[in-house]
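Here's the letter readout for the chains.
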Amino acid sequence: MHGETRLPQNGKEFALFLAIISILSVNIIAPLIMGFEFGFSKKVYFDTLQVIPFIWICVILLVTLVANPIVNKLVQKFIEPNDGFNARILFTILFSVTILSILLTVIGSWIGMREISLEPIQTFFYNWPRNFFIAFWVEVLIAQPIARFIMKKIHASQARKSESLSA
């Protein structure tokens with residue numbers, strides 16, 4: 001999808017794209033999951049805010065080192081050359097959220113509890129479907145559209161600048 005104005009075109013844009021999506025996602029998903037797990041209260045919210053930076057670092061590492069390489073291979077198996085942008089994006093989101101929600105259901109719990117225990121593994125099949133559902137809809141309806149909108153605006157601005165320079 002090279003040349004698609006809604007997606008990053010270089011490393012700098014990819015870093016911005018990833019930052020937008022991950023910051024929005026972590027700041028929405030983590031408080032929602034914690035609220036459903038422990039109740040929606042100020043104390044739970046402020047406790048969540050204390051671990052969000054660590055979860056965000058974990059998300060960035062997991063996306064770049066684990067999820068993206070796997071997702072890129074999976075998407076190619078499920079799409080055809082004539083499939084449109086939205087089909088490609090939906091498969092990308094589906095596979096990304098599946099992989100990250102599986103990993104973060106366990107790792108995120110360890111970060112939140114500040115200890116490694118078997119509890120997140122023992123409660124995995126109870127917690128993961130809820131975590132996946134929350135993460136999927138946040139990505140589809142909020143984080144990804146905002147990041148793609150910003151990319152489109154950046155590329156439009158770059159096009160205007162290059163047109164004015166060549167005129």
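Residues numbered from 1 in each chain as written. Predicted model: local features only at pLDDT ≥ 70, side-chain atom pairs only at ≥ 80, totals over all residues. Heavy atoms only, no water.

## Structural notes on unusual backbone geometry
For residues that are not glycine, phi is negative in most cases, and the peptide bond is trans in most cases. A positive phi angle, near 60°, is found at Arg114, a position not held by glycine. Note on placement: Arg114 falls in the loop between helix H3 (85–113) and helix H4 (119–122). (Helix = DSSP H or I, 4+ residues; strand = E, 2+ residues; numbered from the N terminus.)

## Considerations on the pattern of salt bridges
Taken as a whole, this structure holds three salt bridges when the rule is applied. For Glu37, the salt bridge goes to Arg130, with nearest N and O atoms at 3.0 Å. Remark: Arg130 occurs in helix H5 (residues 124–166) and Glu37 occurs in helix H1 (residues 11–38); sequence separation between them is 93 residues. Judged by its relative accessible area of 35%, Glu37 is partly exposed. For Lys43, the salt bridge identified is with Asp47, shortest N-O distance 2.8 Å. Residue Lys43 and its partner Asp47 are located together in helix H2 (residues 42–78), separated by four residues, close to a single helical turn. Residue class for Asp47 comes out partly exposed when judged on its relative accessible area of 32%. (Salt bridge = Lys/Arg side-chain N within 4 Å of Asp/Glu carboxyl O. Buried < 20%, exposed > 50% of the residue type's maximum accessible area, 1.4 Å probe, protein only.)

## So, H2
Note that an α-helix has 3.6 residues per turn; residues three or four places apart therefore point the same way. For H2, with 37 residues, the first-to-last C-alpha span of 43 Å runs short of the 54 Å given by 1.5 Å per residue. The largest bend in H2 comes to about 50°, at Ala67, with the proline Pro69 one to four residues further on. Every buried residue belonging to H2 is among Val44, Thr48, Val51, Ile52, Ile55, Cys58, Val59, Leu62, Val63, Ala67, Val71 and Val75, and all of these are buried. Next to the buried residues of H2 lie H1 and H3. (Expected span 1.5 Å × (residues − 1). Bend = angle between axes of the 7 residues up to and from the residue. Contact = heavy atoms within 4.5 Å.)

## Let's talk about a nonpolar patch on the surface
A contiguous nonpolar surface patch, about 600 Å² in accessible area, is contributed by Ile23, Trp56, Ile57, Leu61, Leu65, Val66 and Ile70. Among the elements that line the nonpolar patch, the one with the most residues is H2, at six residues. Tracing the backbone through its elements, the reader meets Ile70 in helix H2. Ile70 sits in the partly exposed class, given a relative accessible area of 37%. (Patch = residues over 30% accessible without salt bridge, like charges linked within 9 Å, V, L, I, M, F, W, Y side chains within 5 Å. Areas by Shrake-Rupley, 256 points an atom, 1.4 Å probe, with all protein chains shown as cover.)

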